[in-house]
Amino acid sequence: MSQTTTVMASELDGEAQRLALAEIGQQFHARTWSVGTSSNYSVVLDRDPLRLLITASGKDKGNLGIDDFVIVDESGQATTPTQPKPSAETLLHTMIASQLGAGAVLHTHSVWATLLSDLFAEEGAVMIEGYEMLKGLEGIKTHEHRERIAIVENSQDMRTLSEELSQRLREGDETLRYGFILRRHGLYTWGKDLFAARRHVEILEFLFEAVGRRLSLSLPSTVS
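No experiment lies behind these values; they were computed from the predicted model shown.

Definitions and limits used
- Residues numbered from 1 in each chain as written.
- Predicted model: local features only at pLDDT ≥ 70, side-chain atom pairs only at ≥ 80, totals over all residues.
- Heavy atoms only, no water.
- Helix = DSSP H or I, 4+ residues; strand = E, 2+ residues; numbered from the N terminus.
- Rg over C-alpha atoms; globule rule 2.2 N^0.38 Å.
- Buried < 20%, exposed > 50% of the residue type's maximum accessible area, 1.4 Å probe, protein only.
- Pairing = 2+ DSSP bridges.
- Axes fitted to C-alpha atoms, helices over the stretch in contact; angles between N-to-C directions.
- Contact = heavy atoms within 4.5 Å.
- Salt bridge = Lys/Arg side-chain N within 4 Å of Asp/Glu carboxyl O.
- Core = buried A, V, L, I, M, F, W, Y, C linked by side-chain atoms within 4.5 Å.
- UniProt positions renumbered as here; feature names shortened; annotations may be inferred.
- Parallel < 35°, antiparallel > 145°, perpendicular 65-115°, else oblique.
- Nonpolar A, V, L, I, M, F, W, Y, C, P; charged D, E, K, R; others polar.
- Polar contact = N/O pair within 3.5 Å; in protein donor to acceptor, adjacent residues only side chain to side chain.

1. A closer look at the overall build of the chain
When its secondary structure is counted, the chain shows five helices and eight strands. Listed by position from the N terminus, the elements making up the chain come as α-β-β-β-α-β-α-β-β-α-β-β-α. Taking 17 Å as the expected radius of gyration for a compact globule of 224 residues, we find that the chain reaches 17 Å, a close match to that expectation. C-alpha atoms of the chain, sized along the principal axes, occupy 55 × 35 × 30 Å. In the chain, buried positions account for 50% of the 224 residues.

Put into C-alpha cells, the structure is as follows:
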C-alpha cells in the first residue's frame, strides 16, 4: 500500500484525498470487489458542519480521476451546483459518518459477500468464528472470537434504509459494529480513518471468502 492511503484523512489535503480514494478504487477493482461502476467510497472532510468527499455516480472504480468525486453536506446534497452527481447511496455514508463518527466509509460488491448475504438472509447475519484474521478488526485481540455481520434487506429507498439502520445503531445492534451486507448487493464498512476502513474491507472480504469456500468444500463449519 502506498504512503498516501496509510495516513489519516485529516492529514490529507483535498487533492490527496481524491488520489487516495482513486487508488483504493484501483486496488478494489483489481481484486474484483468493485467491478464496473459498482461501489462507492467516502472520506470526511469536516465535522462541523459535516462535509464528505464521495465518489460521483456512475464512475468506473478502476479508473477514477480527481474529478470523479463530489463534496456533499450532511443531507447528501452537493455543496456546489457545478459538481457531478453524488452516488445514489450517499445518505448511507452521511448517516454512518455522522452517527458513528467514522472518518471513512467504503462500499464493495464482492461475489462472496453477495452470496453469503443470500445464503444467511433468514439468520440476519453472517457468523464468523475462530479465524486469526478476525484480529484485523478494531478491538479484537484473539482468534477465539465470534463476530456476526448484519445482513440488511436491499432497497432502492436510501432515505428509509438509512433511517432504519440509524435506529438499529441507536439501539446498540452488535451486528453493526464493523459493517453490514445489503442482501444480494454488497458490503458497507467503515473506520476511524481511511486506512482503518480499508483494512476492515480487506479483513471482512477475506473472512467472507474463507467462510464461503469452507462451505463449498463441505468441511465441518462453525457458521450458523
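Next comes the rest of the account.
2. Digging into the sheet that holds strand E4 (residues 104–108)
Spatial strand order, E3-E2-E1-E4-E8-E7-E6-E5: eight strands in an open sheet with mixed pairing. Edge positions in the open sheet fall to strand E3 (69–73) and strand E5 (125–129), since each of these has one partner strand only. On average, adjacent strands in this sheet sit at an angle of 20° to one another, irrespective of strand direction. Across four bridges, the pairing between strand E7 (residues 179–182) and strand E8 (residues 186–191) is antiparallel. Looking across to E8, one finds that Ile 181 is bridged to Leu 187. Set on the sheet, helix H3 (residues 111–119) makes contact with E5, strand E6 (146–152) and E7; between it and E7 the angle comes to about 75°. In the packing of helix H4 (residues 158–170) onto the sheet, contacts are made with E6 and E7, and the angle to E6 comes to roughly 150°.

3. Some words on the pattern of salt bridges
What the rule picks out here adds up to 14 salt bridges. Between Lys 59 and Asp 68 there is a salt bridge, with its nearest N and O atoms 3.5 Å apart. A residue is classified by how much of its surface remains accessible, and Asp 68, at 15% relative accessible area, is buried. One network of salt bridges, with partners in common, ties together Asp 118, Glu 153, Arg 183 and Arg 184.

4. Considerations on the nonpolar core
In terms of nonpolar packing, the biggest core is built from 20 residues, with Val 126, Ile 128, Leu 137, Ile 181 and Phe 208 touching the most fellow members. When contributions to this core are tallied by element, the ones reaching two or more residues are H3, E5, E6 and helix H5 (194–216). Counting residues per element, this core draws most heavily on H5, which supplies six residues. Here Leu 137 is in contact with Tyr 178, His 200, Ile 203 and Leu 204, once residues within four sequence places are set aside. Formed by 17 residues, the second largest nonpolar core is a distinct cluster that contains Ile 24, Phe 28, Leu 53 and Val 201.

5. Section: the UniProt feature "domain: Class II aldolase/adducin N-terminal" (unreviewed entry) in the chain
As recorded in UniProt, the sites labelled "domain: Class II aldolase/adducin N-terminal" (unreviewed entry) are residues 19–212. Here residues 19–212 runs as 33% helix and 24% strand, with 33 Å between its end C-alpha atoms.

6. Looking at the packing of helix H1 (residues 14–30) against H5
H5 packs onto H1 with a crossing angle of 10° between their chain directions and a minimal axis gap of 12 Å. Taken as axis vectors, H1 and H5 run roughly parallel relative to one another. Counting all contacts with H1, which are made through Ala 20, Leu 21, Ile 24, Gln 27 and Phe 28, the residues of H5 involved are Leu 194, Arg 198 and Val 201. The residue inventory of the contact of H1 with H5, partitioned by class, reads six nonpolar, one polar and one charged.

7. Looking at the pairing of E6
The buried fraction of E6 amounts to five of the seven residues, a majority that puts the element mostly inside the structure. Relative to E6, E5 is paired through five bridges, and the arrangement is antiparallel. Note that in E6 the partner of Ala 125 across the bridge is Ala 150. Both E6 and E7 contribute to a ladder of three bridges, which runs parallel. Bridge pairing in E7 links Ala 150 to Phe 180.

8. What about the environment of Asp 46?
For Asp 46, the position within the fold is in strand E1 (residues 40–47). Judged by relative accessible area, Asp 46 falls into the partly exposed class, the value being 31%. Separated by 27 residues in sequence, Asp 46 and Asp 73 place their C-alpha atoms 9.5 Å apart. A polar contact of 2.4 Å, which involves the side chain of Asp 46, links it to the side chain of Arg 51.

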